Amino acid sequence: MIPINLPLIGEEEIEAVVKVMRSGPLTSALGVGPMVTQFEKNFAAFAGVKHAVAVNTGTAALHAAVVAAGVKQGDEVILPSFTFVATAEAVVLAGGKPVFTDIDPETYNISPEAIEKNVTEKTRAIVPVDLYGFSVDIKAIKKISSEHDLAVVEDAAQAHGATYAGKPAGFFADAACWSLYASKNITTGEGGVVTTESDEVAETLRLIRTHGEKVKYASLMLGYNYRMSEIQAAIGLVQLEKLSNFVAKRRENAKKLNSLLEASNRLKLPMELEERQHSWYLYTVRLENAVGKERNKIVEELQKKGIGAVAYYVNPVHQMPYYRETYGERKLPETEKAARQVFSLPVHPGVSEAQVNYIGKTLLELL
Ligand SMILES: Cc1ncc(COP(=O)(O)O)c(C=O)c1O
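Residues numbered from 1 in each chain as written. Predicted model: local features only at pLDDT ≥ 70, side-chain atom pairs only at ≥ 80, totals over all residues.

## Quick look at the overall build of the protein
The helix and strand tally for the protein stands at twelve helices and twelve strands. With the principal axes as the frame, the protein shows a C-alpha extent of 65 × 55 × 35 Å. With 367 residues in all, the protein has 52% of them scored as buried. Across the protein, every contact between residues at least 6 apart in sequence was considered, and the portion connecting residues at least 24 apart equals 70%. (Helix = DSSP H or I, 4+ residues; strand = E, 2+ residues; numbered from the N terminus. Buried ≥ 20, exposed ≤ 12 C-beta atoms within 10 Å, placed from the backbone. Contact = placed C-beta atoms within 7 Å.)

## Structural notes on the packing of helix α3 (residues 58-68) against helix α7 (residues 199-209)
At a minimum axis separation of 9 Å, α3 and α7 run at an interaxial angle of 125°. Accordingly, the angle class assigned to the pair α3 and α7 is oblique. Between α3 and α7 lies a crossing of right-handed hand. Only Val201, Thr204, Leu205, Ile208 and Arg209 of α7 make contact with α3, whose side of the interface consists of Ala64, Ala65, Val67 and Ala68. In terms of residue class, the contact of α3 with α7 is made up of seven nonpolar, one polar and one charged. (Axes fitted to C-alpha atoms, helices over the stretch in contact; angles between N-to-C directions. Parallel < 35°, antiparallel > 145°, perpendicular 65-115°, else oblique. Left-handed = near helix turned anticlockwise from the far one by under 90°. Nonpolar A, V, L, I, M, F, W, Y, C, P; charged D, E, K, R; others polar.)

## A few points about the site of the ligand
As a structural note, the neighbourhood of the ligand is formed by 15 residues, with Thr57, Gly58, Thr59, Ala157 and Ser179 the closest of them. Secondary-structure elements contributing two or more residues to the shell around the ligand are α3 and α4 (86-93). Looking at the shell around the ligand element by element, the count peaks at three residues for α3. Of the residues in the shell around the ligand, the class split is six nonpolar, eight polar and one charged. (Near = placed C-beta within 6 Å.)

## Remarks on the sheet that holds strand β4 (residues 123-126)
Within the open sheet, the seven strands sit side by side as β1-β9-β8-β5-β4-β2-β3. Their pairing is mixed. Edge positions in the sheet fall to β1 (51-55) and β3 (97-101), since each has one partner strand and no second. When the angles between neighbouring strand axes are averaged without regard to direction, this sheet yields 25°. Of the strand pairs in this sheet, β4 and strand β5 (residues 151-155) are connected by two bridges, and their pairing is parallel. Each residue of the ladder has a partner; that of Ile126, found in β5, is Val152. Taken strand by strand, helix α2 (residues 34-47) contacts β1, β8 (175-179) and β9 (192-196), and its axis lies near 130° from that of β1. (Pairing = 2+ DSSP bridges.)

## A word on the pairing of β9
Counting buried positions along β9 gives five out of five residues, so the element sits mostly inside the fold. Residues of β9 alternate between two faces, with Gly192, Val194 and Thr196 on one and Val193 and Thr195 on the opposite face, all of them buried. Where β1 meets β9, five bridges bridge the pair, whose relative direction is antiparallel. Looking at the pairing, Val55 lines up with Gly192 of β9. Here β8 pairs with β9 via four bridges, running antiparallel.

## Brief notes about the sheet that holds strand β11 (residues 283-287)
Across the sheet, which stays open at both edges, the three strands sit in the order β10-β11-β12 with antiparallel pairing between neighbours. Both outer strands of the open sheet, β10 (267-268) and β12 (342-345), are each paired with one neighbouring strand and no more. The pairing of β11 with β12 spans four bridges and is classified as antiparallel. The residue bridging Val285 from the neighbouring strand is Phe343, located in β12.

## A short note on α2
For α2, built from 14 residues, the straight-helix expectation of 20 Å at 1.5 Å per residue is met to within 8% by its first-to-last C-alpha distance of 20 Å. Among all positions in α2, only Met35, Val36, Phe39, Glu40, Phe43, Phe46 and Ala47 are buried. Axial view of α2: buried residues confined to an arc of 130°, hence all on one face. The inward-facing, buried residues of α2 contact α1 (11-23), β1, β7 (167-168), β8, β9 and α8 (230-261). Directly beyond the C-terminal end of α2, a positive phi value near 75° is found at Gly48. (Expected span 1.5 Å × (residues − 1). Arc of directions from axis to C-beta.)

## Digging into the domain arrangement of the protein
Taken domain by domain, the protein consists of domain 1 (11-239) and domain 2 (243-366). Spacing between the C-alpha centres of domain 1 and domain 2 amounts to 24 Å. Tallying the contact residues gives 30 residues for domain 1 and 27 residues for domain 2. At the level of secondary structure, the elements contributing two or more residues to the side of domain 1 that touches domain 2 comprise β3 and β6 (163-164). For the side of domain 1 that touches domain 2, the residue count by class is 16 nonpolar, eleven polar and three charged. (Domains from an automatic or database assignment.)

See the structure below:
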């Protein structure tokens, strides 16, 4: 099976881990051992901003960032439903009320027009998601946020290597949250990072990461244990160096798939713009005018032929039992339609040219 994603770990990562294991420290009580410190410095440089705060998952990054953005009990937070559930969890854990908002059918990202319609007196923040690794229209979102004095926490969990107007994804947001989960463009097994230009937000994030402490046993606010270990940071330092090559290979595979799949009149291919370069975390196509379970059938057939195609996200968050029961029914027509029609194909750096050809040819035959 050609998996949809694959962590690419080399001897360099293994050596880096062994070195930490032999000499320690393994972690630091206040969150910043030498590896984490260096990783944060390098990650901030990659993201083009002043601060990177490393944590232990992308979910922790989102939760900490939503709290640091000032979301409090009862505040409304605008976010897409067409995302991984962690985006919504972060809002709820912070005490906020998720206001699920429809997507732009061209990009699958939250629609700025739909955001505008959902702003109320109670809105405190917007959490847009760079879905599949394609940057949100951050300038349009920032325009709305400045008019209404809202914080923007960008979920860049899938966007390592994506750009917007020549800058890394997340650059224009108040804070951006990254995941280093094993499937992502770069990984530390589990891990996350928040990047921000703001000294104040970074300071709060560091407190939240370690029990609200700046000094041991003197909590200044409610915190958690969201620390990244030295072992994770050692892996991350090596992976970060490999990121641009990884993304280049993804781009090459995506381009090749585009050229093959253009031959089909049933498929809508993924969008990429000169000023919004894709991270190609997920190469996602849409089976236009799909009826019934046609999309699922194609995904099943691809899997039977050894191609790890996956449909993300078949259940948009607003339709998941917990969210529907807690926040009520909501109609999001573009989200619901996309959830029935999209599926993703493997383009990770471990996919060879011959495999890309096989994926393209097989899909065209099935269609
Ligand atoms: C869009 C999105 N948000 C948040 C997360 C959560 O990250 P993690 O799995 O590292 O907690 C993920 C990845 O899993 C994701 O894809």
